[in-house]
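Architecture and fold: a report
The chain contents come next:
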Number of protein chains: 2
Amino acid sequence: MRRHSRYRQLIQDTLRDADGPLSATDVQALLDDTGIGLATVYRLLNEGVEDGELVGVELPGGPRRFEPAGLPHHHHFECRACRKVFAVRGCPGRMERLVPDGFELEQHEVILFGRCADCVTAD
Amino acid sequence: MRRHSRYRQLIQDTLRDADGPLSATDVQALLDDTGIGLATVYRLLNEGVEDGELVGVELPGGPRRFEPAGLPHHHHFECRACRKVFAVRGCPGRMERLVPDGFELEQHEVILFGRCADCVTAD
DNA sequence: TGCACAATGAGAACCGATTATCATCAAGCA
DNA sequence: TGCTTGATGATAATCGGTTCTCATTGTGCA
């Protein structure tokens with residue numbers, strides 16, 4: 001049984017309020033003023049996944065990220081300038097057309113790359 | 001100036017004949033009988049990218065992969081069973097619809113996950 | 001045929017991400 | 001108010017991937 005954990009809920013809230021999936025170091029940086037250690041962040045993120053409250057998100061060339069479980073179907077946009085990752089609603093669909101004969105499709109991921117609004121404006 | 005390289009062309013040919021992008025260790029394994037060293041594989045792959053003959057392909061949670069430059073627009077299918085990655089022609093399109101206001105889209109990647117024909121048959 | 005130097009292979013080193021270790025801290029109960 | 005025990009933080013260890021180092025090889029030209 002998991003007893004009192006100062007941070008458990010705080011991490012959940014942090015992920016829920018974020019614009020997209022966060023890495024362990026992102027979470028630590030956002031909770032910097034609490035002094036939380038990186039080991040604790042990893043521990044709680046992994047526990048969150050085990051408990052089904054969180055899901056891991058893998059994006060090309062980056063560390064593992066985490067977001068709340070149960071979000072509606074969505075994909076991700078990675079800003080090439082600030083490296084932030086945003087969840088984007090919707091899906092282009094029609095993935096089946098791409099699947100070669102004899103292959104079985106289980107899942108798909110769409111990743112958009114470009115520049116986020118903040119970085120576009122910053123020019 | 002690059003002079004005689006036994007392997008340069010061999011690696012190009014290997015990538016060109018493959019079903020999809022290959023990692024450095026994939027290439028080494030395919031050229032196993034030549035005794036090529038991993039350092040050489042990495043060196044030639046990186047040179048290939050510098051020279052514009054190859055492009056690097058990043059997929060979630062895997063090592064960097066390489067494929068010939070100039071291929072027509074395509075995406076990738078990763079087999080969850082054998083971990084092989086296949087290039088798949090075509091594109092679902094309509095990516096712009098997903099881009100949030102104020103964001104600028106530069107590129108997109110679509111990755112399909114499932115089981116390849118060989119692994120489906122192997123059951 | 002000999003030489004200079006690029007190419008190579010083996011393995012050490014490095015790197016970022018992640019996990020393990022362990023002493024310390026503190027919540028909740030006696 | 002003490003005690004037990006899970007939670008925590010600092011840091012070492014680990015892990016896959018990749019790059020670096022350097023002695024050796026062998027190509028291509030003199």
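Look up: the structure comes first, before these words.
Predicted model, so just to flag it, every value in this text is computed and none were measured.

Some remarks on the interface of chain A and chain B
Across the boundary between the two partners, chain A contributes 35 residues, which contact 35 residues of chain B. Considered class by class, the residues forming the side of chain A that touches chain B number 19 nonpolar, eight polar and eight charged. As paired elements, strand β6 (residues 104-115) of chain A and strand β6 (residues 104-115) of chain B share 11 bridges and run antiparallel to each other. Bridge pairing links A:Ile111 to B:Glu109 in β6(B).

Examining the relation of the copies chain A and chain B
Between the two copies, chain A and chain B, the superposition gives an RMSD of 0.1 Å; the rotation angle is 180° and the shift along the axis is 0.0 Å. Considering both components of the superposition, the chain copies are consistent with a two-fold axis. The fraction of interface residues of chain A whose copies in chain B are also interface residues reaches 100%, indicating that both copies meet through the same surface.

A closer look at the environment of B:Leu30
Along the chain, B:Leu30 falls in helix α2 (residues 24-30). Spatially, the C-alpha atom of B:Leu30 lies 10 Å from that of B:Leu15, the residues being 15 residues apart in sequence.

Regarding the sheet that holds strand β4 (residues 74-79) of chain A
Taken together, the six strands give an open sheet; going across it, the order is β5(A)-β4(A)-β6(A)-β6(B)-β4(B)-β5(B), and neighbouring strands pair in mixed fashion. Two strands lie at the open edges of the sheet, namely β5 (85-89) of chain A together with β5 (85-89) of chain B, each paired on one side alone. Each adjacent strand pair in this sheet contributes to an overall mean axis angle of 30°, direction not counted.

With respect to the pairing of strand β3 (residues 65-68) of chain A
Residues and elements named next belong to chain A. With two bridges joining them, strand β1 (residues 22-23) and β3 adopt antiparallel strand pairing. Across the sheet, residue Ser23 finds its bridge partner in β3, namely Arg65. Sheet analysis places strand β2 (residues 54-57) next to β3, joined by four bridges and oriented antiparallel. Residue Leu54 lies in a different strand from β3, and its bridge partner there is Pro68.

Describing unusual backbone geometry
Non-glycine residue A:Arg94 carries a positive phi angle of around 55°. Structurally, the position occupied by A:Arg94 is in the loop between β5 and β6. In this structure, B:Arg83 takes a positive phi of about 70° despite not being glycine.

Calculation notes
Numbers given to residues run from 1 along each chain, matching the order in which its sequence is written. To label them, take the chains in the order written and letter them from A, then take the ligands in the order written and number them from 1. Totals for whole chains, interfaces and linings use every residue, but because this is a predicted model, local features are given only for residues with pLDDT of at least 70 and side-chain atom pairs only at 80 or more, for both listing and counting. Note on contacts: each residue gets a C-beta atom placed from the backbone, and two residues are in contact if those atoms are within 7 Å. The nonpolar class holds Ala, Val, Leu, Ile, Met, Phe, Trp, Tyr, Cys and Pro. Asp, Glu, Lys and Arg form the charged class, and all remaining residues, Gly among them, are polar. When DSSP finds two or more bridges between two strands, those strands count as paired. Strands are runs of DSSP state E lasting at least 2 residues, helices are runs of H or I lasting at least 4, and numbering of each runs from the N terminus. For the least-squares superposition of copies, only C-alpha atoms count, and only for residues with pLDDT at least 70 in both. Fitting a line to C-alpha atoms yields each axis, with helices limited to the stretch in contact; the angle taken between N-to-C directions then spans 0 to 180 degrees.

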